[in-house]
Every structure is written in structure tokens, then in C-alpha cells.
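Architecture at a glance
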Amino acid sequence: MKKFLFKISFYLIGIILLFAVLGSFADGNTDDNYMHFAVEKPTNIIMGDSRGSQAVLPGILKDKLNKTFDNFSLNVVQSPYGPVYLQALKRKIYPDTRNGIFILTVDPWNLSLNKSVQNLKDFPEENSPLKNMYFYDMSPNYEYLFKHYTRSWFKIYTERAEKGRSNTYLHKDGWMEVNVNMQKDSVAKREIEKIDIFYTDLSKTQAVSQKRLNSLEDIIKFLQPKGTVYIVRIPGSERLMKLENIYSPDFDAKIGGISKKYNVRYFNFSPQAGKYTYTDGNHMYKESGKIFTGRIADSILSAQNQSK
């Protein structure tokens, strides 16, 4: 029996070492979320859904505001405004943050909920990695890989960024860089799928939720002692903005009310939808994102000058 245990121990040690080595290659190619859990705790944060993850580039903000940002936006299913997102933020942010800048990106969808959902346990983000992750600043983050990486760990090694970046590459600063065919026909096809099917169907089953609006307020209240909060509405295409205005005609009034209540600036860029290019009508193409992020930074600088 002792010989058997001795032999099996070598086998187990070998397996552990193999997983440890493979996990050490995890990077922005591993999946769309891993890097959110494998960087230092930030003091300046961007929050929101996938619209924010692709349209707001921390590097541009750093150049203009002289601060290092982390884009902590995932997607509308995993990071809508709610209790799960707030608790994740508390684990993510550097605890002694002061004089930070916090950009909360909003749209009707990340503040909506299915009309049939009543209990917190039924919120879709209950299945998000934000729900059960404890460590947000470990690299490699084996907790994340064991809990949320469902493919073969050999893929981590064979598909690492060193071999070539994937079409959806998550940078260390949280920016999701998406590279897709931007020819007119390809964009039009994706736009039909995203707006005419996905969001049109979603608008029939969801509504802007007071519970999510309350969570947005809770996040503002948590962040205000740590710095300055700005709320930003990121535009989609003009067609999507038309749908959103039908879906929630009083959305800007609601956000404006929260802005006034907490004395935070609300930058509503939705009227400028036609100025940008989108990969699918919802997500801003990366070149437009660079321009758009610059305008966010300019708006923040203007607000800072006005408050002096």
C-alpha cells in the first residue's frame, strides 16, 4: 500500500506541475474574461458592458488624463449593474484608492431585466465569473482557470498570444480589441443579427429595472469617497439608438436624475451616433473607439477645469 501511495504521489505531482506550467501561459487570448482577474488592482476604473469594453480605450485616457485606467467592463449578461457587479468592484479596486476617476458607461440594456425575474437569485449575472471569484490580482490566476476555463488547458499554451492574437483579444488594461471583416456587406449582416433579431427580441421581454438603477446608485455611492464619478452613455448605430429611444424613451431623464442627485457629470453621446463606425450596430469599431475615448477624456478635462 505504501509503495502504491508513493508511486501515485509522483503521478499527482506531475499532473499538478503540468497544470501549473500550462496555466502560466494564460493571457489575453485565453478567453474574453481572464485578464480582468490577472492584473494589479486599479485606482481608475471603467465599468459597463461589452459596448464599453470595446469603445473605451484605457491607453487613450492615460495619454490625455495622465492616469492609468482599467476597463472592468465584461458584457450585458455578466456585468450589468447589480449587486454582483458591486461586490466584484469592491474586490477589484485598490482598497486605498483616493482621487480616482471612475467612468460608468450606461445604456438601456445594462440597466434592464427580464420582466419575469423578481428575485436576485434569478438575475443572469448569478452565473457570471464575477459572482464567485475572490482573487482579481493574481497572475497566473489559477482560481479563475479552475473555476471558469472549460477547454483543455493545452489550448492555453497552443493558442497563446505569442503565436498570434485572436480576433477578440483582451488587453491587460481590460480593453477588448475586436478584429472583424469591416466590408459593408459583412457589417450589414452582423447589424441585422444584432439589431433586427437580438435587441428587437430583447426589447419585448425586458424593461429598464429600478433594481438595476438602484445598484447604479449604490456603485456611485461606493466610489464617490474614492474619487470622481462620470456617467457616460456610449452610442450605437443610429438604427440602434432609434430602437433604444422607443424601448426606453425616458432613459436619459432617469440617468439625468441620478446624475443630479449625486452631483456627477453625465456625458450623453447618443446624439452623436452617426459620427462613429460600428462592427455590428452595437459595438464601436476600434478606430472609432480611439476617437470616442478622446472625446470622453476631453469632456472630463473640461469638467475638471469648470470645477476649479
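Attention in this report is confined to the structure presented alongside it.

What follows concerns the sheet that holds strand 3 (residues 100-106). Strand order in the open sheet made by the five strands is 2-1-3-8-9, with parallel pairing throughout. The sheet terminates laterally at strand 2 (70-71) and strand 9 (265-268), the two strands that pair on one side only. Summarising the sheet, strand 1 (residues 45-47) and strand 3 pair through three bridges and their orientation is parallel. Within strand 3, the residue paired with Met47 across the bridge is Leu104. With respect to the sheet, helix 9 (residues 210-223) is in contact with strand 1, strand 3 and strand 8 (227-233), its orientation differing from that of strand 3 by roughly 170°.

Turning to the environment of Asn141, a few remarks are in order. Considering the arrangement of structural elements, one finds Asn141 in the loop between helix 5 (129-132) and helix 6 (142-148). C-alpha of Asn141 to C-alpha of Asp107: the two residues are 34 residues apart in sequence and 31 Å apart in space. In this structure the side chain of Asn141 is engaged in a polar contact, spanning 2.6 Å, whose partner is the backbone oxygen of Phe37.

Where helix 3 (residues 58-65) meets helix 12 (residues 286-307), the axes come as close as 9 Å, and the angle between the chain directions of the two elements is 35°. Judged by the twist between their axes, the crossing of helix 3 over helix 12 is right-handed. Contacts between helix 3 and helix 12 involve Ile60, Leu61, Lys64 and Leu65 from the first element and Lys290, Thr293, Gly294, Ile296, Ala297, Asp298, Ile300 and Leu301 from the second. Class assignment for the residues of the contact of helix 3 with helix 12 results in seven nonpolar, two polar and three charged.

This paragraph deals with the packing of helix 8 (residues 184-205) against helix 10 (residues 238-247). Remark: helix 8 packs on helix 10, axes separated minimally by 11 Å, with the N-to-C direction vectors making an angle of 5°. Comparing their axes, helix 10 and helix 8 come out roughly parallel. Between helix 8 and helix 10, the residues in contact are Glu191, Ile195, Asp196, Tyr199, Thr200 and Ser203 and Arg239, Leu240, Leu243 and Tyr247, respectively. Here the residues of the contact of helix 8 with helix 10 sort into five nonpolar, two polar and three charged.

Now for the packing of aromatic side chains. Across all of its chains, the model carries 17 aromatic pairs by this definition. Arranged with centres 4.5 Å apart and planes meeting at 20°, the rings of Trp109 and Tyr247 form a pair that is stacked. Highlighted residues: Trp109 in the loop between strand 3 and strand 4 (112-114) and Tyr247 in helix 10, separated in sequence by 138 residues. The residues Trp109 and Tyr247 share a single accessibility class, namely buried. Ring geometry for Tyr276 versus Phe292: centroids 5.5 Å apart, planes at 85°, classification edge-to-face. Here Phe292 lies in helix 12 and Tyr276 lies in the loop between strand 9 and helix 12, a separation of 16 residues in the sequence. For the pair Tyr276 and Phe292, a shared accessibility class is recorded, and that class is buried. Among the aromatic residues, ring-to-ring pairing joins Tyr34, Phe37, Phe72, Tyr81, Tyr85, Tyr136 and Tyr144 into one connected group. Above the ring of Tyr157, the side-chain terminus of Arg160 is found at 4.0 Å from the ring centroid.

Tracing the backbone shows Thr97 in the loop between helix 4 (83-92) and strand 3. Looking at Thr97, its side chain comes within polar contact range of the main-chain oxygen of Tyr94, at 2.6 Å. Among all residues touching Thr97, those that are not within four sequence positions of it are Pro42, Thr43, Phe102 and Lys226.

Relative to the 20 Å expected for 14 residues at 1.5 Å per residue, helix 9 spans 20 Å between its end C-alpha atoms, a close match to the ideal helical length. Among the residues of helix 9, those classed as buried are Arg212, Leu213, Ser215, Leu216, Glu217, Ile219, Ile220 and Leu223. The N-cap residue of helix 9 is Ser209: its side-chain oxygen and the backbone nitrogen of Lys211 are 3.1 Å apart.

What counts and how
Residues numbered from 1 in each chain as written. Predicted model: local features only at pLDDT ≥ 70, side-chain atom pairs only at ≥ 80, totals over all residues. Heavy atoms only, no water. Pairing = 2+ DSSP bridges. Helix = DSSP H or I, 4+ residues; strand = E, 2+ residues; numbered from the N terminus. Contact = heavy atoms within 4.5 Å. Axes fitted to C-alpha atoms, helices over the stretch in contact; angles between N-to-C directions. Polar contact = N/O pair within 3.5 Å; in protein donor to acceptor, adjacent residues only side chain to side chain. Left-handed = near helix turned anticlockwise from the far one by under 90°. Nonpolar A, V, L, I, M, F, W, Y, C, P; charged D, E, K, R; others polar. Parallel < 35°, antiparallel > 145°, perpendicular 65-115°, else oblique. Phe/Tyr/Trp six-rings, centres within 6.5 Å; stacked < 30°, edge-to-face > 60°. Buried < 20%, exposed > 50% of the residue type's maximum accessible area, 1.4 Å probe, protein only. Lys NZ or Arg CZ within 6 Å of the ring centre and 35° of its normal. Expected span 1.5 Å × (residues − 1).

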